[in-house]
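Structural features, examined
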Amino acid sequence: MLAQEMGVIFTKHVEQITSKCWSEFLQQLESKGLYVVIETDTNGRVMSPLGGLMPMPCKSETLHILTADDLQQRGLPLGHHIVNTREAKVATS
């Protein structure tokens, strides 16, 4: 199946995918040494269901699937991350 076709399927089914199903999907990625990084430029914050704050979803988010080496090159510890690109741009200016 092509990526474009899978994209359409994900769009139609995303609201029906449970957090348990997403967790299992992420665990499968981890078992293969892959991690999800979400880059967002939103500065709005909402409470995470597990506690703490996280950026609000926005249309300009970018999802990346990265290896441990890719994470290290970006200065990120092993794991899944939400990175605020606006804060990163300010820090490097």
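Residues numbered from 1 in each chain as written. Predicted model: local features only at pLDDT ≥ 70, side-chain atom pairs only at ≥ 80, totals over all residues. Heavy atoms only, no water.

Here we look at the overall build of the protein
Across its full length, the protein carries 4 helices and 5 strands. Element order for the protein, N to C, with α for helix and β for strand: α-α-β-β-β-β-α-β-α. For the C-alpha atoms alone, the extent of the protein along its principal axes is close to 40 × 30 × 30 Å. For the protein, the share of sequence-separated contacts (at least 6 apart) that also reach a separation of at least 24 residues comes to 58%. A total of about 7300 Å² of accessible surface is found on the protein, and carbon and sulfur atoms cover 59% of it. Where the 8 positive side-chain charges of the protein centre and where its 10 negative ones centre are 5 Å apart. (Helix = DSSP H or I, 4+ residues; strand = E, 2+ residues; numbered from the N terminus. Contact = heavy atoms within 4.5 Å. Areas by Shrake-Rupley, 256 points an atom, 1.4 Å probe, with all protein chains shown as cover. Lys, Arg positive; Asp, Glu negative; His and termini not counted. Charge placed at Lys NZ, Arg CZ, Asp CG, Glu CD.)

Overview of the pattern of salt bridges
A complete count under the given rule lists 2 salt bridges for this structure. Among the salt bridges present, the one from Glu 39 reaches Arg 74, with a minimum N-O distance of 2.7 Å. Pair noted here: Glu 39 is in strand S1 (residues 34-40) and Arg 74 is in the loop between helix H3 (68-73) and strand S5 (81-84), with a separation of 35 residues, a long-range link. For Arg 74, a relative accessible area of 40% gives the class partly exposed. (Salt bridge = Lys/Arg side-chain N within 4 Å of Asp/Glu carboxyl O. Buried < 20%, exposed > 50% of the residue type's maximum accessible area, 1.4 Å probe, protein only.)

A word on the sheet that holds S1
Across the sheet, 3 strands lie side by side as S4-S1-S5; this open sheet has mixed pairing. At either end of the open sheet lies a strand with only one pairing partner, and these are strand S4 (62-67) and S5. Strand-to-strand, the axes of this sheet are offset by a mean angle of 30°, without reference to chain direction. Strand direction decides the pairing type here: S1 and S5, joined by 4 bridges, are parallel. Counterpart to Ile 38 in the pairing with S5 is Ile 82. The sheet strands contacting helix H2 (residues 19-31) are S1 and S4, and the helix crosses S1 at an angle near 120°. (Pairing = 2+ DSSP bridges. Axes fitted to C-alpha atoms, helices over the stretch in contact; angles between N-to-C directions.)

Focus: the packing of aromatic side chains
Taken as a whole, this structure holds 2 aromatic pairs when the rule is applied. Both rings, one in Phe 10 and one in Trp 22, keep their centres 6.5 Å apart while their planes meet at 75°; by these two values the pair is edge-to-face. With Phe 10 in helix H1 (residues 3-13) and Trp 22 in helix H2, this pair connects stretches of sequence that are 12 residues apart. The exposure class of Phe 10 is partly exposed, given its relative accessible area of 40%. Ring geometry for Trp 22 against Phe 25: centres 6.0 Å apart, planes inclined by 75°, an arrangement best described as edge-to-face. Linking Trp 22 with Phe 25, this pair stays in helix H2, spanning 3 residues, or about one helical turn. Given the relative accessible area of 34%, Phe 25 is considered partly exposed. (Phe/Tyr/Trp six-rings, centres within 6.5 Å; stacked < 30°, edge-to-face > 60°.)

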